[in-house]
Amino acid sequence: MFFFLFVFSLGAGLLGHVLSEDDIVKTLKLLEVKILNNKMETPLCQQMTDVIVSYLRTKKPTGEVEKMCTAVLLALGSQSPGMIIVKIWDRLRGYNLPPRSLLVAVGKLSLSQAIGSVSYIGSLWKYILRLLRMAQEEDDMLAICQVLYGLVISAQKHLGSWDDKVMGITQKEVSIKAYHTFRILFNRWSLKDKHKVTEQVLVIFGHLFFLMPQFKLKNQVNQLTRWLMTLMSTIVTPFYITQCICQLVNALALSDCGGLNLESQLENITGMLFEQLSKKVNQSDPHSVENSSLALKAIFILAKLYKDQLVYLIRKTLESNDPSKITSGLQAFIDVFQELPQTEKLQREVMHSAIMVIQEDLKPVPKVLLHFIEMLGQHNYLALPQGNTIINYIIKLSVCDPSNEEEDTQIMCSKILQMVSLPKLITLACDPNNTMAFVPLCKAATEMALKARSLGKFPYLSSFHLSSTQFISPQRLLTHLVVFSQKPYRENKFGASSLKLLHALHPITSLHPVIHSNVGQLWTKAIPQMLKILDDHTEKNLNQEEWEDRLLQFLSQSLVAIDDDSWQEQLTRVILERISYFNDDNFEKVFLYKFFGFSLRTSRNEKLVKMMLSSILQSSHENLQEREGIAVALSIVSMKHLKIVLEQLQVYSATLTDKDSSFILRLAKEHQQREWMLVCNTIYLSYSKIILESKGAIFMHLDAILALVLQHYHNCILEKDKDLKLSYLNALTVLTNILSSQQHMAFQFKFPHKLAIVTYMLELIKEEPLNSISSPIRQKAMDIITNFRMLRPLLEIEERVELLRTCFKSVLCLPSMETMQKEAPSPREAQANVDLFKETMQSLRRLMEALIVEMPTRIQNCVELMDTWLNSQKDSERERAMWCAARILGFTAKLDDFKMEIEFTRLGRLVKLLAMRCQDPVDNICFLSSQAVYNLYCILLQKKKMKRKIEGLWEEEGKNEVYSANLFYNNTFEIAEAFAEYFTKSQLTSLVLTAMEELTGSRAKVSLAAAQLMSAVMKKRGTDIIKVEEIVEGTMERLKLQLEPNTKEETLWAMCLLAGNNTHSVVHLLLNKSLPWDRYLSQGPGVHSPSK
């Protein structure tokens, strides 16, 4: 009862001054609940309606009060809608509009289609048309829009089941009213700056389009389009514009013909739709999300009406420079693509546009582009000729790019790649241009192969490889995957990716799963083992050499299992072709040469082996890596086909000697010598590698090889100048170096042509000038002779003597280093000459050592042969000779296999020869001489120890040697004392006699050294001297000459010592001579004597 009283008071305006606004709102809320929960009598409803409407008209409330009044009216209308609706035109007079709350309530009642509300559509629409012309304020317009929205929705819902009696209006009348409403709203309402009203009008228009007569709607398309285009630049929410466009084209499409106006405005309309599509979607905003969907829907509808035109417009959008427009065009294309007939023309146009987009290289890559390409793949567009461009783009994207959303992009790229045929995908994976994308391509191909296998299909290449120009052959595939497995951790996964693909495709040669089942069995077992090795290791701890060996063994076993000469021939040709592809210093190229060798090694077809060996020998050998690669390949093949390899090398070597067949002579003259050198180097490198790999089998053929070596030079087709000689020697040095390392196996064979080569080397050394060192020819020749050490037959004594004399003369007689530097045209060449001379001296040292190793007992002869240069007037010659003597004696003293047989039958002469130089005017010669003498002493001491050991006599523990090279430096007396015990009487006498000859020498220090040497040995072993008369006679003759005072003093003292030890003989001789007695004799040794 209270509520009814409240309503009555409200209508009378009594409570307006009693209750606050909040109290009124609370009371109206309670009233709404009461009405909704109770069935009310019609009179009471009528009364309450009148009161609320009256209150609205008189008080014109706003805010929450107005809203609650609307709510109460809706509650009353739920029981009697007509009662509320008729209030619209009740007391309609002048230009006063019904209360907004009443309009809103009526609109919502119409929208809810409450029972009985449908019958009021006609009358309500009639009055609303009148109100449309009266509305000026935005709030009034919004309220009227509520009514209109309810009307058009209600009318549209009943179009399919229209009943004039029930509806109270005919469908034709509704159509007319809808058109009038559109015209009033479009022409009479001022919508400027009223974006909310505009948005509601757009919603109403969208429904009016379905109620208006089709012909009238078509007539309005031009105006509507222009108006909508102006709205695009306002703050109107894009959703409402897009929705209106979508409803417009949907309504026009109902007639299956959009009309001429729509066709003429197609570009403008699609332009607006593309612009809406290009707007960023905010997932949290439903309008933003639906805006994109509605735009696509509108485009889809237009595509049904105007296929060709729309494709053209979409393609035009795709050719834009604006990434956002391109993205919207792609979205549209994806949406309408299913509706387009797949003609050749469309395929060409679509592919052209797709390629244009790809060439824009958008960053980051729009996902819609990948979806678009995926859609093309689903329709087999990637198989078209232009599809390669798109596939290459996807391959490029499949490589990790920081600008992309990596994971999603990789997944989508892999999905697209798997739409390509397996043979083509494998071909792309093995394309050198796609190396960076190798891992994702391999992964995609592997997944395809495994998926085919799970479906019971065989993922082998089958007959695809027969189209060798289109798809990769099995041989190329195997080569590529194995080469990429060589460095398994390259790009993290190269090895694993290659092996997994290989495993998924086994057996690779099969045209049928049964053929070559051995290959499948091998790969099923071997490949997982190799993959496990990669899993268990990292790039840092994997043994690369062992890994390569495992790969090569795997290949060998595979080829044995394949057992097909034709297949193997194609494989080796592929390897050769691949070798020529790689640049210099490429680790893959090195591996390929080994791969080639292992491939041929497994073959049992000699004809094939010969043919392919000939091919590789004819391949490029411009750089050292290529020549070494060829040599390695031949050495591997030689392990099973040694004779064939040697035969092919002999045939190939005819290039060097046969003028009739050599291709070298067909080259330009300036290139001939270089090519000859390269061929020669390749051949000798090959022989070298074969010697290393053959494990002794080569030595049966080695003399024949040495014979060829001689022929190559003697029968050379070109003029033999210095450069050619040097290149030949360089190549031969490589061969003989390896040969020398195998002397333990080679010693059991005889190589007669060794002597011929040594003789020829000697000739080359003799030809070298003695006044300059312009080339390393003499050095190389000596190295080659050295490398032949211990190979039989050994040089005879006379040959050894000739060899050493020639080498000593060629090296020791060269100008001094100061002269060589001074005569050089530039400082650089001066330094080069010095470096070359030092290397030459080292070569001479190695040669002497080699000869000593062969015949240790010839050490004395070796040193004595240097007598001429040890006593030379030229300081440089004496210094070099003494350096050689010191080195060779030191080498002999340290021989591991030191022999007792080493004898110095002319020890006295040898000690004198070396000891004299300890007093040389050149200090370094003195130093070298002390080294040489000490080394000689060490040899004698070692012999002594060995002899005592044989005799069972042991040295006392802790006893140290008292002599050293430093002690011998400039100390002739110590030298004589050290060696005294080792001389035989004959050697002792020889030392004194030869030393006596030096007393009258031109160098005072040397003469003094000779006298000191004589006096020292006289003191130590004067009693053992024989030929006393000869010594006395000789000494007396020299004393008559003008000797240097110190020398004369030391000589007289020597005579005294000799007389003291041989009194009877010497005194008798002296009595017959006139002695030069003076104070020196009476005083004994002078202050200069080391014996003092």
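Keep in mind it's a predicted model, so treat the numbers as computed, not measured.

**Section: the overall build of the protein chain**
So, point 1. If you tally the helices and strands in the protein chain, you get 55 helices and 0 strands.
So, point 2. At 57 Å, the protein chain has a C-alpha radius of gyration far larger than the 31 Å of a compact globule built from 1092 residues.
So, point 3. Its C-alpha atoms put the protein chain at 185 × 75 × 60 Å along the principal axes.
So, point 4. Counting only contacts in the protein chain whose residues sit at least 6 apart along the sequence, the fraction spanning at least 24 positions is 78%.
So, point 5. Here the protein chain displays about 49900 Å² of accessible surface, and carbon together with sulfur accounts for 51% of that area.

**Some words on the pattern of salt bridges**
So, point 1. Summed over the entire model, instances satisfying the criterion amount to 29 salt bridges.
So, point 2. Between glutamate 319 and arginine 315 there is a salt bridge, with the nearest N and O atoms lying 3.9 Å from each other.
So, point 3. Owing to a relative accessible area of 35%, glutamate 319 belongs among the partly exposed residues under this scheme.
So, point 4. When its relative accessible area of 14% is taken as the criterion, arginine 315 is described as buried.
So, point 5. Across the pair arginine 878 and aspartate 875 runs a salt bridge whose closest N-O atoms are separated by 2.7 Å. Note that arginine 878 and aspartate 875 are positioned in helix α45 (residues 875-893) at a spacing of 3 residues, about one turn of the helix.
So, point 6. Residue class for arginine 878 comes out buried when judged on its relative accessible area of 0%.

**Quick word on the confidence of the model for the protein chain**
So, point 1. Of the residues in the protein chain, 91% have a pLDDT of 70 or more, and the chain-wide mean is 85.
So, point 2. Confidence scores differ between elements of the protein chain, with helix α55 (residues 1079-1083) showing the lowest mean pLDDT of 46 and helix α39 (residues 777-787) the highest of 96.
So, point 3. Long-range and interchain partners of residues 11-15, a stretch whose pLDDT sits below 50, account for 7 contacts in this model, where long-range means more than four residues apart.
So, point 4. Between residues 1079-1084, whose pLDDT stays under 50, and residues either more than four places distant or in other chains, the model counts 4 contacts.

**Things to note about the packing of helix α24 (residues 422-429) against helix α25 (residues 438-454)**
So, point 1. Interaxial distance between α24 and α25 falls to 9 Å at its minimum, and their mutual angle equals 160 degrees. When the axis of α24 is compared with that of α25, the two are roughly antiparallel. Note on packing geometry: the crossing formed by α24 with α25 is left-handed. Judged by residue contacts, Leu422, Leu425, Ile426, Leu428 and Ala429 of α24 engage Phe438, Leu441, Ala444, Ala445, Met448 and Ala449 from α25.

**Let's talk about α25**
So, point 1. With 17 residues, α25 extends 24 Å from end C-alpha to end C-alpha; this agrees with the ideal 24 Å at 1.5 Å per step.
So, point 2. Where α25 is concerned, the buried positions are Phe438, Val439, Leu441, Cys442, Ala444, Ala445, Thr446, Met448, Ala449 and Ala452.

**A look at the packing of aromatic side chains**
Pairs of aromatic rings are described using the distance from one ring centre to the other and the angle between the two planes.
So, point 1. A full pass over the atoms with the stated rule returns 30 aromatic pairs.
So, point 2. Centroid distance tyrosine 963 to phenylalanine 968: 5.7 Å. Interplanar angle 25 degrees. Geometry classified as stacked.
So, point 3. Of the residues examined, phenylalanine 968 reaches a relative accessible area of 0% and is grouped as buried.
So, point 4. Among the aromatic residues, ring-to-ring pairing joins Tyr934, Tyr937, Tyr963, Phe968, Phe979, Tyr982 and Phe983 into one connected group.
So, point 5. Over the face of the ring belonging to tyrosine 179 we find lysine 216, whose NZ or CZ atom lies 4.5 Å from the ring centre.

**A short note on a negative patch on the surface**
So, point 1. Residues Glu21, Asp22, Asp23 and Glu64 make up a contiguous surface patch of negative charge.
So, point 2. Ranked by the residues each element gives to the negative patch, the list is headed by helix α2 (residues 21-37), at 3 residues.
So, point 3. Among the secondary structure elements, glutamate 21 is positioned in helix α2.

**With respect to helix α52 (residues 1028-1039)**
So, point 1. Here α52 contains 12 residues, and its C-alpha end-to-end distance of 16 Å stays within 8% of the 16 Å for a straight helix at 1.5 Å per residue.
So, point 2. For α52, every residue scored as buried is listed here: Val1028, Ile1031, Val1032, Gly1034, Thr1035, Met1036 and Leu1039.
So, point 3. Contact partners of the buried residues in α52: α50 (985-997), α51 (1004-1021), α53 (1045-1061) and α54 (1063-1071).

**Quick word on the nonpolar core**
So, point 1. Trp125, Trp189 and Phe205 are the most contacted members of the largest nonpolar core, which totals 365 residues.
So, point 2. Ignoring any residue separated from it by four or fewer positions in sequence, one finds phenylalanine 205 in contact with Phe182, Leu185, Phe186, Leu224, Trp227 and Cys244.

**Quick look at the environment of glutamine 553**
So, point 1. For glutamine 553, the position within the fold is in helix α29 (residues 544-562).
So, point 2. Sequence separation of glutamine 553 and phenylalanine 598 is 45 residues, and the distance between their C-alpha atoms is 8.1 Å.
So, point 3. If near-sequence neighbours (up to four positions away) are discounted, glutamine 553 is found in contact with Phe598 and Arg601.

**What about unusual backbone geometry?**
So, point 1. With an omega dihedral of -5 degrees, the bond running from arginine 792 to proline 793 counts as a cis peptide bond.
So, point 2. Within the secondary structure, proline 793 sits in the loop between α39 and α40 (797-812).
So, point 3. A positive phi angle is found at aspartate 361, which is not glycine, with a value near 50 degrees.
So, point 4. As for its position among the elements, aspartate 361 is in the loop between α20 (344-360) and α21 (367-378).
So, point 5. Residue classification places aspartate 361 among the partly exposed residues on the basis of a relative accessible area of 26%.
So, point 6. With a phi close to 65 degrees, methionine 790 is a non-glycine residue in the positive phi region.

**Some thoughts on the environment of asparagine 871**
So, point 1. Looking at the secondary structure, you find asparagine 871 in the loop between α44 (867-870) and α45.
So, point 2. Taking relative accessible area as the criterion, asparagine 871 reaches 27% and is therefore assigned partly exposed.
So, point 3. On a C-alpha basis, the gap between asparagine 871 and threonine 905 in space is 21 Å, while along the polypeptide they are 34 residues apart.
So, point 4. Residue contacts for asparagine 871: discarding those within four places in its chain leaves Arg878, Leu913 and Arg917.
So, point 5. Within the structure, the side chain of asparagine 871 is placed 3.0 Å from the side chain of arginine 917, a separation counted as a polar contact.

What counts, and where the lines are drawn
Residues numbered from 1 in each chain as written. Predicted model: local features only at pLDDT ≥ 70, side-chain atom pairs only at ≥ 80, totals over all residues. Heavy atoms only, no water. Helix = DSSP H or I, 4+ residues; strand = E, 2+ residues; numbered from the N terminus. Rg over C-alpha atoms; globule rule 2.2 N^0.38 Å. Contact = heavy atoms within 4.5 Å. Areas by Shrake-Rupley, 256 points an atom, 1.4 Å probe, with all protein chains shown as cover. Salt bridge = Lys/Arg side-chain N within 4 Å of Asp/Glu carboxyl O. Buried < 20%, exposed > 50% of the residue type's maximum accessible area, 1.4 Å probe, protein only. pLDDT = per-residue confidence, 0-100. Axes fitted to C-alpha atoms, helices over the stretch in contact; angles between N-to-C directions. Parallel < 35°, antiparallel > 145°, perpendicular 65-115°, else oblique. Left-handed = near helix turned anticlockwise from the far one by under 90°. Expected span 1.5 Å × (residues − 1). Phe/Tyr/Trp six-rings, centres within 6.5 Å; stacked < 30°, edge-to-face > 60°. Lys NZ or Arg CZ within 6 Å of the ring centre and 35° of its normal. Patch = residues over 30% accessible without salt bridge, like charges linked within 9 Å, V, L, I, M, F, W, Y side chains within 5 Å. Lys, Arg positive; Asp, Glu negative; His and termini not counted. Charge placed at Lys NZ, Arg CZ, Asp CG, Glu CD. Core = buried A, V, L, I, M, F, W, Y, C linked by side-chain atoms within 4.5 Å. Polar contact = N/O pair within 3.5 Å; in protein donor to acceptor, adjacent residues only side chain to side chain.

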